[in-house]
Structure formats: structure tokens, C-alpha cells
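If you want the building blocks of each chain, they are given just below.
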Amino acid sequence: MELFKRNKVATAVLVVLAAVGIGAWVWQLMNGLTVTGMSNGVSWGTYIIMFMFFVGLSAGGLIVASSASVFHIKAFKKVALPAIILSTVCICLAGMFVLIDLGGIQRVWRMVTGPNLASPLVWDMAVITLYLIINILYLYFMRKGAERAVTIVSRFALPTAVLVHSVTAWIFGLQIAKEGWFTAILAPIFVASAMDSGLALLLIVLAVLNGTGRFETPKELFASLAGLLATCIAIDAYFIGCELLTMGYPGASGAETLAIMTSGVTAPFFWFEVIGGLLIPFLVLVFAKNRQKTGLVVGASVLVVLGVLCKRIWLLLTSFATLNIEGAPGVMGADGWSMLGLYAPTLVEVAVVVGVISVGALGFMALASKLLVPAAETEAAPAKARAAAGSDLDLDPQAA
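Quantities reported herein were computed from a predicted structural model and do not represent experimental measurements.

## With respect to the overall build of the chain
Here is step 1: Along the chain, the regular secondary structure elements total 15 helices and two strands.
Here is step 2: For the chain, buried positions account for 48% of its 400 residues.
Here is step 3: For the chain, restricting intrachain contacts to residue pairs at least 6 apart in sequence, the fraction spanning at least 24 positions comes to 77%.
Here is step 4: Split by element, the accessible area of the chain, about 19400 Å² in all, is 70% carbon and sulfur.

## Regarding the packing of aromatic side chains
Here is step 1: If you walk through the whole model with that rule in mind, you get eleven aromatic pairs.
Here is step 2: Between the aromatic rings of Trp-44 and Phe-172, the centroid separation amounts to 5.3 Å while the plane-to-plane angle is 75°, which identifies the pairing as edge-to-face. A residue pair is termed long-range when its members are at least 10 positions apart, and Trp-44 in the loop between α2 (8–31) and α3 (46–70) and Phe-172 in helix α7 (residues 147–173) qualify at 128 residues.
Here is step 3: With a relative accessible area of 1%, Phe-172 lands in the buried category.

## Here's the deal with empty space enclosed by the protein
Here is step 1: Inspection of the entire model under this criterion finds one cavity of 30 Å³ or more.
Here is step 2: Within this model, the largest cavity holds a volume of roughly 140 Å³.
Here is step 3: Surrounding the largest cavity, 15 residues form its lining, Gly-180, Ile-189, Glu-243, Trp-314 and Leu-315 being those nearest its centre.
Here is step 4: When contributions to the lining of the largest cavity are tallied by element, the ones reaching two or more residues are α8 (186–212), α9 (219–248), α10 (255–263) and α13 (294–321).
Here is step 5: Of all the elements, α13 adds the most residues to the lining of the largest cavity, at five residues.
Here is step 6: Grouping the constituent residues of the lining of the largest cavity by class yields eight nonpolar, five polar and two charged.

## Points about α8
Here is step 1: With 27 residues, α8 should cover 39 Å at 1.5 Å per step; its first-to-last C-alpha distance of 39 Å lies within 8% of that length.
Here is step 2: Burial runs high along α8: 22 of the 27 residues are buried.

What counts, and where the lines are drawn
Residues numbered from 1 in each chain as written. Predicted model: local features only at pLDDT ≥ 70, side-chain atom pairs only at ≥ 80, totals over all residues. Heavy atoms only, no water. Helix = DSSP H or I, 4+ residues; strand = E, 2+ residues; numbered from the N terminus. Buried < 20%, exposed > 50% of the residue type's maximum accessible area, 1.4 Å probe, protein only. Contact = heavy atoms within 4.5 Å. Areas by Shrake-Rupley, 256 points an atom, 1.4 Å probe, with all protein chains shown as cover. Phe/Tyr/Trp six-rings, centres within 6.5 Å; stacked < 30°, edge-to-face > 60°. 1 Å grid on protein atoms, 1.4 Å probe; cavity = no way out; pocket = protein on both sides within 12 Å on 5 of 7 lines; lining within 4 Å. Points joined across faces, edges and corners; volume = space filled by probe spheres on them. Nonpolar A, V, L, I, M, F, W, Y, C, P; charged D, E, K, R; others polar. Expected span 1.5 Å × (residues − 1).

See below:
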């Protein structure tokens, strides 16, 4: 594998981190979810945060690739293959985090034999499976050069990409007991943040592939994708602004939740997302001359990805900060009764998360080494063809 050979130190580090993560997961299976920071008060934690995060990251690649056929944006076809590889890896990681969060993974088969069709969790399982199948089919047909098949798959890929993020949002948005989640606009917020985080990650990966010479993206296309990212950031900010106005309007029931977001325990994540993940990247990318500078685009993209990660953190944990048990004195925790839901990830959770991400990085390197043609070879192919044509012409007696 070309990328493994050229990056031996990075590969070795990723293998070690993946092994540590697998060991931590085995430890969790042996001892149960008590080794995590989750409790009765906070039943979802880092694993679900990362699930939401990677579902969103998978969006950018598939939407860019499918738009090339659906909207006849021919320029996007040049980056369709790395985009689909990235999308496939991210959706696999999202699925892994769900399975890890189950704790008793040996009972996952019950989701198939006894599904509750009224549950958004079942909808999500179905749509993520469909999403993964579409990604695999996309990769297969693109590798085979079957343009007609790629066009057909893209017709299903785009709505499925929107649906998978909408269904993920509905897992939270349909829970009437959680004030911070129960909103009709949560699905559009998820789709918008998935667009900007996924597109930002794609730009980062394309820049890295450019730097290593593995894959070349034209500067005009890179700048065009950066402009699209600026638009997605603006849309994301608009939806969040609408939600905040509704929550903070005098007399609204969401004022308490908004106070926790803006000045409570999750405030650092909220303000980093607003300032670092939305405002600064938009001010950088809104100017055309900045979009021509790879360093600025990559820096803005990194901020967008980190900002969306912070969004997933405050979105999940803010609603757990206030218990929804009417009239109860609290919930039982390790130190007795508690009035608030408190959560911090343990070393086991951190090790598992780092291990899963390392597995994803290794998977992307493997697929990129196998499927992507290095830029040097792409440039050399036309030259060789012209040279071969010239030699044939010299040997042709009639041409002589």
C-alpha cells in the first residue's frame, strides 16, 4: 500500500492507537458501561456525540459526488472518488460508535428480529444501512467506469444523504421530555451542519492529498468548493439563529435551556462553535481572494469541523443538565443521590474514541492507496499516449 509505505511512522502510531482502543472496548464489554462516565442522569455521552459528528462528516463527500450527476456540475466529478471514499469511511465509523454505545453488542440481533417500527432508532438503523450500501455501490461503479450506473445511483444518493441526517436529528427532536431537543427545526440544523462539516473535512483531505502528490485537485475547483462551504456556513448560522430567537424570546419555555447553553456548563462549547466554527470561517471564506489561498481555506475548514464537534457536545449535554423527573429529588449516582445530571468522559471512552478514529484513518489510507491514481501518473498518461502515437506515425510507411 503506497500511503502506508510513505508514512510508516504515522501508520505505526495509528496501529498502536487502534490496538489500545480495541483493548479499551474489550475492557468495557467485560465490565459493562459502568466504566464510562454515563449514568442514570446522563444516559448518552461521548459515543453518541461522535456518532452524530461522523454521520454529519459523511455528508459532504456523498453530496458533492452525487451533485456532479444530479445537477450536472461536471467540475465536481474530478473529486468524486476521494469524496465517496471519505463518506464511506465516516459512515462506517458512525455505525461503530452506535454499536459500542450499546454495551451488550451480542444482543444487537434483537434490532432485526423484534424492531419497533415506531422508534426513530429503528429508522436510523435502516437508513444508515441504506446509506452505506449506496456508498459501496458508488465506489464500485466509479471504479468500473460505469457512468450510467453512477448516474442512477446518484439519483438515490442525494435524497438518502439528506434523509440520514434528518432521521438522526429525529432521534433527538421527537423526545418531548427534552426541551433542548424538541424542535421541528432540528432536522434542518443537522442537515446544514452536516453539509458544512462534511465539506470542510473534504477540503482538508483534498489539501493533504494534494500535498502528498496522491491526488491533484485543480485550484479553481478547490476555491469553488471553499465558496460553497461559505454558503453552507451562512445557512447553518441562520438556522441556529432562528432556534435561539425562539428559545430566548420573552415567555418562551426554552429560556432555561438557553441560559445553560450561553452561560452554563456547556457555554464554552456553544461560544466556540458560534465564534470559531461559524463567524471566523465565514469572514475568511466570504472573500474570493482568501479562497485562492490553500492555507487559509484549510485553517477555516479545521475551525468549521471543530465548531460542529462543539455543537454536537452542547446539543447533547445541555438537555441532560436539567433532570426531567417531575417532583423527584434526583437520580442515584456513584456518590448517592444527585440533583443534576453530571458527565465527563473516562479514559476508557477517550481510548475507544481515539482507537475508532485511528481505524478510520487506516481504512481511508488503504482505500486511497487502492483506488486513487497519483497525480504524477495521471499527468504522465496523456504524454505516453502522445509519444506512442508519434512513434506509430514514424513507423508508418504511408506516412513516410
